[in-house]
Amino acid sequence: MKKRPLIILTGPTAVGKTAASIGLAKAIGGEIISADSMQVYRHMDIGSAKITTEEMQGVPHYLVDVLEPEEPFSVVRFQEMAKEAVRTIYSRGKIPIVVGGTGFYIQALLYDIDFTENNDDMSYREQLEQTAAQKGAEYLHGLLKEIDPEAAAQIHPHNVKRVIRALEFHHQTGQKISEHNARERQKESPYDSAYFVLTDDRKLLYERIDRRVDLMMVQGLLDEVRALKERGLSRGSVAMQGLGYKELFGFLEGEYPLDEAVRIIKRDTRHFAKRQLTWFKRERDVIWLDKQEIGRDDGSVIGRILDVLKEKGIIDSTAGNTPQDQETDKNTDGKTTEGKESGK
């Protein structure tokens, strides 16, 4: 049975994934699935750099604005929702394009990773959550480092949710989650896939991140976080772990002045982008799209993607617009894809 197509467009935060994805979707008849852990939430628009309805230009998007901030969201839930979205897109005769920077989510969908869990006994997870609350995230991360150093190296100490998942997996199975994930990554994908990673000069990327954070503050990110706090969300909730949200939450709780909160957001976002690139370098079958080589305009990026898709036989050799057509489309729309949209 012939595999069905799945296109992935990822890369570090602020590199320009969203702008390119819109042009690509319009060129090949694609629909977009967001692989972002924050854009799934309603009322979290500015800090997640969420695409607006106008910016979508009529391209259907899935897993955007579908959960309330109080609801939990994990890789397991993402996988379930994304697979349902893929089925819907196929039923409409379209091609699914997965866009976003959460590498673990992409991996879970692409290789249909098995997240078998024993949910009958929640006591160990609750015990770990209490330990994190009492002794801190670093202590919990230290426990993981003792039993699974490789997993500890891959998971940020402040990502308590994933640290707990790794400890819980070891507790339930006696296996290291790093070894389990390595085995799962060797599985053959059920899709005829193309896995694109968009990148750019590191210095330019960091400058773009800093500018985007400044723009978010002007757009009202602080008010957005204040509204979520007043809504009753705690600093430890899943939704508040997003960059920009947890730092401004700290400011609102009097931990540091606003300018320090903004400095921390910029620093941590740059570090996050670096970790994203490290993750993608470990992945197999990745097709790198370096803007330093192919050009920084969306037309050049889309043109390169179309060439690869045709070479791989994922789309017909006559499908898709040329980069020049993309520029014409952009001008016809009366708007460019710079600014918020192109920074994702």
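Here the structure is shown first, and the text comes after it.
Engineer: Explanation requested: the pairing of strand β1 (residues 4–10) in the structure shown.
Structural biologist: Two faces belong to every sheet, and in a regular strand the side chains alternate between them. With five of seven residues buried, β1 lies mostly within the body of the structure. The pairing of β1 with strand β5 (residues 191–199) spans seven bridges and is classified as parallel. Bridged to L6 within β5 is S193. By the bridge criterion, three bridges tie β1 to strand β4 (residues 95–99) in an arrangement that is parallel. Across the sheet, residue L9 finds its bridge partner in β4, namely V99.

Engineer: Got a minute to help me understand the pairing of β4 in this structure?
Structural biologist: The buried count for β4 comes to five of five residues, which makes it a mostly enclosed element. Burial of the side chains of β4 extends over both faces: I95, I97 and V99 are buried on one face and P96 and V98 on the other. In terms of strand pairing, strand β2 (residues 30–34) meets β4 through five bridges, oriented parallel. By the bridge assignment, G30 is partnered in β4 with I95.

Engineer: How should I be thinking about the packing of aromatic side chains in this particular structure?
Structural biologist: The geometry of two aromatic rings is summed up by the distance between their centres and the angle between their planes. Inspection of every chain in the model, using the stated rule, returns three aromatic pairs. Relative to Y105, the ring of F73 lies with its centre 5.7 Å away and its plane at 90 degrees, an arrangement referred to as edge-to-face. With F73 in the loop between β3 (61–62) and α3 (75–91) and Y105 in helix α4 (residues 103–110), this residue pair connects regions lying 32 residues apart in the sequence. Under the relative-accessibility criterion, F73 is labelled buried at 2%. On the accessibility criterion, Y105 (6% relative accessible area) is buried. A connected cluster of aromatic rings, assembled from ring pairs, spans F73, F78 and Y105. Taking NZ or CZ as reference, R162 lies 4.4 Å from the ring centre of F104, over its face.

Engineer: Hey, could you run me through the sheet that holds β1 in this one?
Structural biologist: The pairing of strands in a sheet happens through backbone hydrogen bonds and is either parallel or antiparallel. Here we have six strands laid out as an open sheet, ordered β3-β2-β4-β1-β5-β6, and parallel in their pairing. Edge positions in the sheet fall to β3 and β6 (286–290), since each of these pairs with one other strand and no more. Across the sheet, helix α13 (residues 258–282) is in contact with β1, β5 and β6; its angle to β6 comes to roughly 135 degrees. Across the face of the sheet, helix α15 (residues 298–311) comes into contact with β1, β5 and β6 while running at roughly 155 degrees to β5.

Engineer: What should I look at first to understand helix α5 (residues 123–135) in this one?
Structural biologist: Helical geometry note: an α-helix holds 3.6 residues per turn, so side chains three or four residues apart project in the same direction. Taking 1.5 Å per residue, 13 residues should reach 18 Å; α5 reaches 18 Å between its end C-alpha atoms and fits that length. Along α5, the positions that sit buried rather than exposed are Y124, L128, T131 and A132. One side of α5 carries all its buried residues, which in axial view fall inside an arc of 100 degrees. Opposite the packed face of α5, turned more than 90 degrees from it, sit the exposed residues A133 and Q134. Tucked into the core, α5 has its buried residues touching α6 (137–147) and α8 (160–173). Backbone geometry just downstream of α5 places G136 in the positive-phi region, at approximately 95 degrees.

Reading the values: the criteria
Residues numbered from 1 in each chain as written. Predicted model: local features only at pLDDT ≥ 70, side-chain atom pairs only at ≥ 80, totals over all residues. Heavy atoms only, no water. Buried < 20%, exposed > 50% of the residue type's maximum accessible area, 1.4 Å probe, protein only. Helix = DSSP H or I, 4+ residues; strand = E, 2+ residues; numbered from the N terminus. Pairing = 2+ DSSP bridges. Phe/Tyr/Trp six-rings, centres within 6.5 Å; stacked < 30°, edge-to-face > 60°. Lys NZ or Arg CZ within 6 Å of the ring centre and 35° of its normal. Contact = heavy atoms within 4.5 Å. Axes fitted to C-alpha atoms, helices over the stretch in contact; angles between N-to-C directions. Expected span 1.5 Å × (residues − 1). Arc of directions from axis to C-beta.

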